[in-house]
Each structure stands twice: as structure tokens, then as C-alpha cells.
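# Observations on the model geometry
Residue strings, one per chain:
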Amino acid sequence: MTTEGSPHRLTVLGAGVMGTGITAMAVGHGVPVVLVDVDADALARARAEVLGKVRHARLMGTLPEDRAEGELVTTSSVGAECSDATAVVEATTEIPEMKAKALGEIAAAVPEGTPLISTTSGIPIDEMADWVPRPADLVGTHFMNPAYLINTVEMIRGPRTAESTMARATALLEAMARRVIVVRDAPGFVTSRLLHPMINSAARVVGEGTATVEDVDELMRGCLGHPVGPLRTADLIGIDNLVDSLVVLHERTGDESARPCELLVAKVREGNLGRKTGRGFYDYGRALS
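Quick look at the structure, then. All figures in this text were calculated on a predicted structure; none of them were measured in a lab.

## Some thoughts on the sheet that holds strand S4 (residues 87-90)
- Spatially, 8 strands are ordered S3-S2-S1-S4-S5-S6-S7-S8 in an open sheet, and the strand pairing comes out mixed. Because the sheet does not close on itself, it has two edges, and the strands there are strand S3 (72-75) and strand S8 (179-184). Ignoring which end each strand starts from, the neighbouring axes of this sheet average 25° apart.
- Two elements, strand S5 (residues 116-118) and strand S6 (residues 138-142), share 3 bridges in a ladder whose sense is parallel. Looking at S6, one finds that Ser-118 is bridged to Gly-140.
- Contacting strand S1 (10-13), strand S2 (33-36), S3 and S4, helix H1 (residues 17-28) crosses the sheet at an angle of about 170° to S2.

## Some points on the environment of Met-155
- Mapped onto the elements, Met-155 comes out in strand S7 (residues 152-157).
- Take Met-155: its relative accessible area is 0%, and that puts it in the buried class.
- Spatially, the C-alpha atoms of Met-155 and Ile-117 are 9.3 Å apart, while their sequence positions differ by 38 residues.
- For Met-155, the residues in contact, after removing those within four places along its chain, are Val-139, Gly-140, Thr-141, Met-166, Ala-169, Thr-170, Leu-173, Val-180, Ile-181, Val-182 and Val-183.

## Looking at helix H2 (residues 40-59)
- The first and last C-alpha atoms of H2 sit 30 Å apart over 20 residues, in line with the 28 Å expected at 1.5 Å per residue.
- Residue Ala-46 marks the point of greatest curvature in H2, where the axis turns by about 40°.
- Along H2, the residues that are buried comprise Ala-42, Leu-43, Ala-46, Glu-49, Val-50, Lys-53, Val-54, Ala-57 and Arg-58.
- Buried residues belonging to H2 abut H1, S2 and S3.
- Among the residues of H2, the N-terminal cap falls to Asp-39, whose side-chain oxygen and the backbone nitrogen of Asp-41 are separated by 2.9 Å.
- Looking one or two residues beyond H2, the residue adopting positive phi is Gly-61, at roughly 75°.

## Digging into the pattern of salt bridges
- In total, this model carries 18 salt bridges according to the counting rule given.
- Notably, a salt bridge pairs Glu-49 with Arg-45, separated by 3.6 Å at the nearest N-O pair. One end of the pair, Glu-49, and the other, Arg-45, are both in helix H2, 4 residues apart, so they sit about a helical turn from each other.
- One connected set of salt bridges, linked through shared partners, spans Glu-90, Glu-94 and Lys-99.

## What about the packing of aromatic side chains?
- Counted by the stated rule, this structure contains 0 aromatic pairs.
- Positioned above the aromatic ring of Tyr-282 is the side chain of Arg-232, whose terminal nitrogen or guanidinium carbon lies 3.7 Å from the ring centre.
- The lysine or arginine in question, Arg-275, covers the ring of Tyr-284, its NZ or CZ lying 5.5 Å from the ring centre.

## A closer look at the side chain of Asp-137
- Inspection of the secondary structure assignment puts Asp-137 in the loop between helix H4 (125-129) and S6.
- Polar side-chain contacts of Asp-137 include one of 3.1 Å to the backbone nitrogen of Gly-113.
- Look past the residues within four positions of Asp-137 in its chain and what remains in contact with it is Glu-112, Gly-113, Thr-114, Pro-115, Leu-116 and Thr-165.

## Focus: the side chain of His-29
- Examined against the element boundaries, His-29 turns out to sit in the loop between H1 and S2.
- Separated by 2.8 Å, the side chain of His-29 and the backbone oxygen of Met-25 make a polar contact.
- Apart from the residues within four sequence positions on either side, His-29 is in contact with Thr-62, Leu-63, Pro-64, Arg-67, Ala-175, Met-176, Ala-177 and Arg-178.

## Some points on the nonpolar core
- Counting 33 residues, the largest nonpolar core has Leu-10, Val-12, Ile-22, Val-33, Ile-117, Phe-143 and Met-176 as the members making the most contacts within it.
- Mapped onto this core, the elements with two or more residues apiece are S1, H1, S2, H2, S4, S7 and helix H5 (163-175).
- No other element matches H2, which puts 6 residues into this core.
- Those residues in contact with Val-33 that lie beyond four places of it in its chain are Leu-10, Val-12, Thr-23, Ala-26, Val-27, Glu-71, Leu-72 and Val-73.
- Core analysis: the next-biggest nonpolar cluster, separate from the first, contains 22 residues, Val-34, Ala-107, Val-110 and Val-248 among them.

Reading the values: the criteria
- Residues numbered from 1 in each chain as written.
- Predicted model: local features only at pLDDT ≥ 70, side-chain atom pairs only at ≥ 80, totals over all residues.
- Heavy atoms only, no water.
- Pairing = 2+ DSSP bridges.
- Helix = DSSP H or I, 4+ residues; strand = E, 2+ residues; numbered from the N terminus.
- Axes fitted to C-alpha atoms, helices over the stretch in contact; angles between N-to-C directions.
- Contact = heavy atoms within 4.5 Å.
- Buried < 20%, exposed > 50% of the residue type's maximum accessible area, 1.4 Å probe, protein only.
- Expected span 1.5 Å × (residues − 1).
- Bend = angle between axes of the 7 residues up to and from the residue.
- Polar contact = N/O pair within 3.5 Å; in protein donor to acceptor, adjacent residues only side chain to side chain.
- Salt bridge = Lys/Arg side-chain N within 4 Å of Asp/Glu carboxyl O.
- Phe/Tyr/Trp six-rings, centres within 6.5 Å; stacked < 30°, edge-to-face > 60°.
- Lys NZ or Arg CZ within 6 Å of the ring centre and 35° of its normal.
- Core = buried A, V, L, I, M, F, W, Y, C linked by side-chain atoms within 4.5 Å.

Listed below in C-alpha cells is the structure:
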């Protein structure tokens, strides 16, 4: 394997499902990563989760065989390890206050011109640009889950995003063999605006007793060509993340189809969040990373 160093150095904020998935994608493509999370338990699990996802990606043939893995550093705070990042990916919970805090801290630690890439699934990028000292550095990049396997990403250019930020973020993604599709800034962009209300409607159908979870997914697969079904997709996304995203969409668009239905809210209340907790719409027997 080649040991040639990568020109990219990534800082990832958030060691949840999305953060570890993006980290695995980067490390597997030879990009060194500093992974930051204030949750000590999440950080303690992160290294094993990332390496497990890298192994999975290799088995699936989605990583280059001739490239050494990038170095992985984990830390509980934004510090000196992050200061030489060539790009930052913010992958914290879809709660505006948390994202604003994380972006503000990292913006103060990296040089001007470092792309600040938010993985928000619904908050408009121009709204988030008010949270950082250099709005031109902020861009949205919406990865699908699992990020280390799905090679198409949605990039969202805000009205104040600089051309240089777009170019640098695109170069990073292309170095990790990602296909970039750029869309205009709007609540939910394209993928979340279409997918999340559809999943909400599927859950509502189950909650109303029209059909079982399994039958909804089988109908969507067999009749409409959905790969796994909307409710298995909800379990993969994380039902808490889905509800947070729906709340953002509903508040910013007024679309009643985005108001989280009672069944989704109940699952979050009960802690049945999907694959990551071992139970959601389906029972996985144990928590899966």
C-alpha cells in the first residue's frame, strides 16, 4: 500500500452515527481526522466504531485497496489538534443551539478560509451563517447514512458561501471518491425535504392502523422500488434525528406533512431510536453502530 500523505486534514465535530461514518470514509481514503465529542462515552466507543466501519467499507469494495488509512485522533475539546485542519465537518445533533455553539468554537480555532461544512439535514445554510464570524467559509454537505458506503452527497451553497469554499469542499469530497450535487439553499434542501415527510407519512399510516410496519415497507419496496422501505430507513437514520429534522422543517416551512406524528414522537420518548439502540420500528436484538 502507498504511504503517500493526503493534502487534506479533517476535523469532525460529533462522534455519533454520522460523525463516525464520515470519519470512517475519510480515514479509509487516507485522510487524517481529529474527531471531537464532549460525550466521554461516545468518544470511548468512537475508535472501535470507526475501524469497524472501515472494515465494512473494505468488504463492500467502497475503499481503495492501495491507500494507507489516515491517522485518527480523538479528543473531548476543540484545541491545538484542530488548528491545522484544511476542512471541518460539523456533525452534531440537529438542534440549532448545539450547532451554533460547535461552529462558533471551531471557527475561532481554524484559519480564515477553512471550509466549515455542516451536515445539517434541514436548517438553511444562510440561517447558520449568522452563527459564525466568517459566513463565506460555511457550506452545507448532506451525507446519506451510511456515509462510508453511499458515494453521492448533496452540497448546499448558501447565499454568502464563497466560491473558494465551494472549491475546497468539493476537492475534499472528490478526494474521497464522492459525487457532489450542488443545490440551492432552502429548508430541508432536496433529500430531507422529500424523504423525511414521506417517512413521517409512512409512520402515520402505521399509527392509524392501516397497515403493519412490515407491510408498509414491503409495499414501498415491491410497488415503488424503495431499496429497503421508509421505516427501515427511519431506523437507519435514527428516529431521534428524524424527529429533530422534521421539527426544523415544520417550523421553517409550515408544511403539516413535516409535523412529527405521534408514533415517531413516542418512539423517541421510549428510547427506541432505531439500529443504534437495537430497537426502532424493527428489533435488531442489540445496538448496532
